[in-house]
Amino acid sequence: MREKTAGYGILNRKVTSQDRILYALCRPERLLELTYRFILFDAGVKKIARYQQYFCVHKIMDRIKHRDREGRRKGGVVWHTQGSGKSLTMVMLAKSIALATEIPDYKIVLVTDRVDLDDQIYKTFRHSGKEVEQAKTGKQLSTMLQEKKQRIIATLINKFEAAVGKYATRNEGNDIFVLVDEGHRGQYKTLHANMRRALPNACYIGFTGTPVMKKDKNTVEKFGGLIDTYTIDRAVEDEAVVPLLYEGRHVEQVVDSKGIDAWFDRITADLSKDQAADLKKKFSTMDQLNKAAQKVMAVAWDISEHFRDNWKGTGLKAQLVAQDKATALLYKQYLDEFGMVSSEVLISGPDEREGEEDLYMENKLAVQRFWKVTMQKYGSEKQYNKQVIYAFKNAEHPEIIIVVDKLLTGFDAPRNTILYLTRKLKDHTLLQAIARVNRLCDGKEFGYIIDYRGVLENLDHALDLYSALPEYDTQDVENILTDMRKIVLTLPQKHSVLWDTFKEVKNRQDEEEFELLLADEALRTKFYERLSAFSRTLAVALASESFYDTTPQEKISRYRQDLKFFSKLRVAVRRRYAEVVDFGEYEPKIQKLLDTHVGTGKIEQITPLVNIFDKDAFAEELEKLPGAASRADTIAHRTARTIHEKMQEDPAFYKHFSELLEEAIRAFREERIKANEYLNKVTKIMHSVLNRTGDDIPSKLENYDVAKAYFGSLKTVLSQFSRKSQEMDDILADAALAIDAIIERNRVVNWVNDRDVQNHMQNEIEDFLIDRMNEAGIEITFEEIDEIMEQCLGIARARRP
């Protein structure tokens, strides 16, 4: 099939997805544009626009070219789901405006509604190399808006009240661009009016990370309409964020309806008598607590166990949302008493109203005492916030951060994986909060929302997010959350598919039969993929309360034992067939599964392969292997890997033994030789590779290791000449020594990157070969000379860089 790509000729084949990607990214005008307008440094990290950022900026730049009757540029609202780089899109838009020659006297005003967001956007712009001035008071804002020198200003929306009311600020310029974070929302009507009074002819562009509520649709239209959308579905599909799983847990309902004893019996069901007695001591005072404190204690225990069993030690972290400051401190107290996880509380001062109404006024004193100690420790609220957040993001501890209202919006911590909800949230705040755990991070497959307050309804039925969020259109919140039970329901099928890999195995008690079947590389790859899918789904299941309620214990035990068996098999075949597989993200989580849920006999960690040149360590590894076939496969594939790694150092030598190895492996697979003979053959080949023996090298090359490699290449290229073997070997040995001398004579520091030096080497080698072969009566072609030079310089680059 012939397809034409505009301006770039005709393809005599069907256009592939790779063709489209190359054309979309690398055609000259697009590549130059991306380099010039859409690359920035974010805190020292070079970043390029994602496709949604690129096309969004283009849409806005096209849109602002249009003006209404009063000369105002057309604005609107951008909805790009949280975690998809909204702040960087704002930076890229600002950069495009600054580079637009038709807007020479631009002014950009960045507006948010919270101090932490203002700081975040300010820092994002500064980290990206854009100079920004922060207007921290109404007076500063008034001055900056009316002066020409500030090109980019960051401020809080409430500063416009003073700027307009007290300082009568008004700038009628129509090249002013106001980029408003979450600015389309209806509750900001008065504040918007102040902005419009100060900047009546500005272009207003709102950015939001959550769907637009039905009641705000009209506000969006007044803003200029919806410019661009990038939904959670697309972000998950693009792997820009991780999908979110939801589970409602019934700790509070159990405690309320059946009493603390029933709850205690359930959580101690798997403990020994001594462990249960020890736990009973911890709870000896629980009956004396009021109902609210009982609930907090029960939830704190459940959270402690849940995090410890599923995430502790993986580097991933959690956020606990409490209903008020006093309760946040109570959670911290119980988490510390149980001692399973580390935690810190991050709240504002006691004089600020935050969260729901406190359930018991006497605990106001606890908040005041906490605040006094905290201020003595950190010196200021700013330092307190900064140090706790930094430790949560970057250090091993705390593992859980406890908040009320703080960090529910605009908080970007990739390791944050589980959100424990113990207070009511709704609408915009709920959608903002759950997105705290959707950021990408190594080892993070999903974000988890664990709901102890029935924030989303119908916990006993399929999750109905739409009925829980009636203020949003159904299509706007589709697939924001997935009920964990949906993932858990796929576990039996993934378990069955994993076992189906080994349907040809006759004796399931014979591990050797499993390993031999996996000699097929394609089947090994399929096994790894299926084991990965099974283990990831099992990890979700074992973190789910409903899984234990609905799955028989013997079935759970079977899953755990199979995980252990197949994990051991994975290590064994990886070693046996000398594979270097990047399990990266997969490894810590599967080890956590094994440590917590299998427990009997730790699975051997996958470690770097022992090289055959490390003779003692390799011999020790072989000693542990059962049977001749297992040892032979390990030797064969480990030697093959060594040959592959060293091939460039001596192509002729290593190619010869690579072919011998392949033949030995094939003969064993086809059952033409028995295991012991296979072991003898590959052991002999390994020793030849280790000691560089087994090929015929003239004695005059005995002390010239690199020249031996040149000799091998010469002999391979010129093998067709019918001369006496000894005579030809002498001619080629002399030629190898001469080539060695030429390369050594011309070699300088960093010669492998110096084209002139390499050209000089090639010219000398070419002249020598023509003269020497003519003398010997060997009619060598220029193609053969080129091949010899290419191989010899390749050897020299590998061995004498």
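Residues numbered from 1 in each chain as written. Predicted model: local features only at pLDDT ≥ 70, side-chain atom pairs only at ≥ 80, totals over all residues. Heavy atoms only, no water.

**Let's talk about the overall build of the protein chain**
Part 1 of the reasoning: A count of helices and strands for the protein chain gives 34 helices and 18 strands.
Part 2 of the reasoning: The buried share of the protein chain, taken over its 801 residues, is 52%.
Part 3 of the reasoning: Residue pairs at least 24 apart in sequence account for 72% of intrachain contacts in the protein chain once pairs closer than 6 positions are excluded. (Helix = DSSP H or I, 4+ residues; strand = E, 2+ residues; numbered from the N terminus. Buried < 20%, exposed > 50% of the residue type's maximum accessible area, 1.4 Å probe, protein only. Contact = heavy atoms within 4.5 Å.)

**Section: unusual backbone geometry**
Part 1 of the reasoning: With omega at 5°, the peptide bond leading from His 397 into Pro 398 counts as cis.
Part 2 of the reasoning: For Pro 398, the position within the fold is in the loop between helix H16 (381-394) and strand S15 (400-403).
Part 3 of the reasoning: Look at Glu 239: it is not a glycine, yet its phi comes out positive at around 60°.
Part 4 of the reasoning: Position of Glu 239 among the secondary structure elements: in the loop between helix H10 (232-237) and strand S12 (244-248).
Part 5 of the reasoning: A relative accessible area of 58% places Glu 239 in the exposed class.
Part 6 of the reasoning: Located in the positive-phi region is Asn 750, a residue other than glycine, with phi close to 60°.
Part 7 of the reasoning: Within the secondary structure, Asn 750 sits in the loop between helix H32 (725-746) and helix H33 (755-776).
Part 8 of the reasoning: Owing to a relative accessible area of 46%, Asn 750 belongs among the partly exposed residues under this scheme.

**Some thoughts on the pattern of salt bridges**
Part 1 of the reasoning: Overall, the coordinates contain 32 salt bridges when judged by the stated rule.
Part 2 of the reasoning: Among the ionic pairs, Asp 412 bridges to Arg 439, the shortest N-O distance being 3.2 Å. With Asp 412 in the loop between S15 and strand S16 (416-421) and Arg 439 in the loop between helix H17 (427-434) and strand S17 (447-451), this pair connects stretches of sequence that are 27 residues apart.
Part 3 of the reasoning: Judged by relative accessible area, Arg 439 falls into the buried class, the value being 11%.
Part 4 of the reasoning: For Asp 650, the salt bridge goes to Arg 692, with nearest N and O atoms at 2.7 Å. Highlighted residues: Asp 650 in the loop between helix H28 (628-646) and helix H29 (651-669) and Arg 692 in the loop between helix H30 (675-691) and helix H31 (705-717), separated in sequence by 42 residues.
Part 5 of the reasoning: What makes Asp 650 buried here is its relative accessible area of 3%.
Part 6 of the reasoning: The structure contains a network of salt bridges with shared partners spanning Glu 512, Glu 515, Arg 576 and Asp 633. (Salt bridge = Lys/Arg side-chain N within 4 Å of Asp/Glu carboxyl O.)

**Some remarks on helix H25 (residues 553-576)**
One full turn of an α-helix is made of 3.6 residues, so residues set three or four places apart face in the same direction.
Part 1 of the reasoning: With 24 residues, H25 ought to run about 34 Å at 1.5 Å a step, and its terminal C-alpha atoms sit 35 Å apart, in line with that.
Part 2 of the reasoning: Count one or two residues on from H25 and you reach Ala 578, which has phi positive near 50°. (Expected span 1.5 Å × (residues − 1).)

**A short note on the side chain of Asp 451**
Part 1 of the reasoning: Within the fold, Asp 451 resides in strand S17.
Part 2 of the reasoning: With relative accessibility at 0%, the residue Asp 451 sits in the buried group.

**A look at the packing of helix H15 (residues 364-378) against H16**
Between two packed helices, what matters for the description is the angle formed by their axes and the separation of those axes.
Part 1 of the reasoning: Between H15 and H16, whose axes approach to 9 Å, the crossing angle comes to 80°. In terms of their interaxial angle, H15 and H16 are classed as roughly perpendicular. Here Phe 370, Trp 371, Thr 374, Met 375 and Tyr 378 of H15 lie close against H16, whose contacting residues are Glu 381, Gln 383, Tyr 384, Gln 387 and Val 388.
Part 2 of the reasoning: Along the lines of polarity and charge, the residues of the contact of H15 with H16 split into six nonpolar, three polar and one charged. (Axes fitted to C-alpha atoms, helices over the stretch in contact; angles between N-to-C directions. Parallel < 35°, antiparallel > 145°, perpendicular 65-115°, else oblique. Nonpolar A, V, L, I, M, F, W, Y, C, P; charged D, E, K, R; others polar.)

**Looking at the sheet that holds strand S5 (residues 76-80)**
Backbone hydrogen bonds are what pair the strands of a sheet, in a parallel or an antiparallel way.
Part 1 of the reasoning: Pairing is parallel in the open sheet, where seven strands are placed in the order S7-S8-S6-S9-S10-S5-S11. Of all the strands in the sheet, the pair left with one neighbour each is strand S7 (133-135) and strand S11 (226-230). Adjacent strand axes in the sheet meet at a mean angle of 20° when their direction is disregarded.
Part 2 of the reasoning: Relative to S11, S5 runs parallel, the two being bridged by four bridges. Bridging from a neighbouring strand, His 80 pairs with Tyr 230 of S11.
Part 3 of the reasoning: Packed onto the sheet, helix H4 (residues 86-99) meets S5, strand S6 (107-112), strand S9 (176-181) and strand S10 (203-208) and runs at close to 155° relative to S10.
Part 4 of the reasoning: Each of S6, S7 and strand S8 (152-156) is contacted by helix H6 (residues 138-146), which is oriented at about 130° to S7, the strand it contacts most. (Pairing = 2+ DSSP bridges.)

**So, the nonpolar core**
Part 1 of the reasoning: By size, the foremost hydrophobic cluster in this structure holds 93 residues, and its most contacted members are Leu 320, Ile 400, Tyr 420, Tyr 448, Phe 502 and Phe 527.
Part 2 of the reasoning: The element that contributes the greatest number of residues to this core is helix H23 (residues 521-542), accounting for nine residues.
Part 3 of the reasoning: Beyond its immediate chain neighbours, meaning those up to four positions away, Phe 502 contacts Phe 514, Leu 517, Leu 518, Phe 527, Phe 566 and Leu 569.
Part 4 of the reasoning: Counting 34 residues, the second largest nonpolar core, distinct from the first, contains Ala 707, Leu 718, Met 773 and Ile 795. (Core = buried A, V, L, I, M, F, W, Y, C linked by side-chain atoms within 4.5 Å.)

**Looking at the sheet that holds strand S14 (residues 343-346)**
Part 1 of the reasoning: Across the sheet, which stays open at both edges, the seven strands sit in the order S14-S15-S13-S16-S17-S12-S18 with parallel pairing between neighbours. In the strand order of this sheet, the two ends are held by S14 and strand S18 (482-483), each with one partner.
Part 2 of the reasoning: Where strand S13 (residues 317-321) lies against S16, five bridges are found, and the strand directions are parallel. Bridging from a neighbouring strand, Val 321 pairs with Leu 421 of S16.

**Describing the packing of aromatic side chains**
Part 1 of the reasoning: Counted according to the given criterion, the structure contains 28 aromatic pairs.
Part 2 of the reasoning: For the pair Tyr 54 and Phe 55, a centre-to-centre distance of 5.0 Å together with 85° between the ring planes defines the contact as edge-to-face.
Part 3 of the reasoning: The exposure class of Tyr 54 is buried, given its relative accessible area of 7%.
Part 4 of the reasoning: Look at Phe 55 and you get partly exposed, because its relative accessible area is 42%.
Part 5 of the reasoning: Judged by centre distance (6.4 Å) and plane angle (20°), the rings of Tyr 334 and Phe 338 are stacked. (Phe/Tyr/Trp six-rings, centres within 6.5 Å; stacked < 30°, edge-to-face > 60°.)

**Comments concerning the packing of helix H14 (residues 325-338) against H15**
Part 1 of the reasoning: One can describe the packing of H14 onto H15 by two numbers: an axis separation of 8 Å at closest approach and a directional angle of 70°. For the element pair H14 / H15, the angle class is roughly perpendicular. Residues Lys 325, Ala 326 and Leu 329 of H14 touch H15, and the partners they reach there are Ala 366, Val 367 and Phe 370.
Part 2 of the reasoning: A breakdown of the residues in the contact of H14 with H15 according to their chemical character gives five nonpolar, no polar and one charged.

**With respect to the environment of Ile 673**
Part 1 of the reasoning: Here Ile 673 shows up in the loop between H29 and H30.
Part 2 of the reasoning: Apart from the residues lying within four places of it in its own chain, the contact partners of Ile 673 are Ala 664, Ala 667, Phe 668, Tyr 678 and Lys 681.

Just geometry here; none of it tells us what the structure is for.
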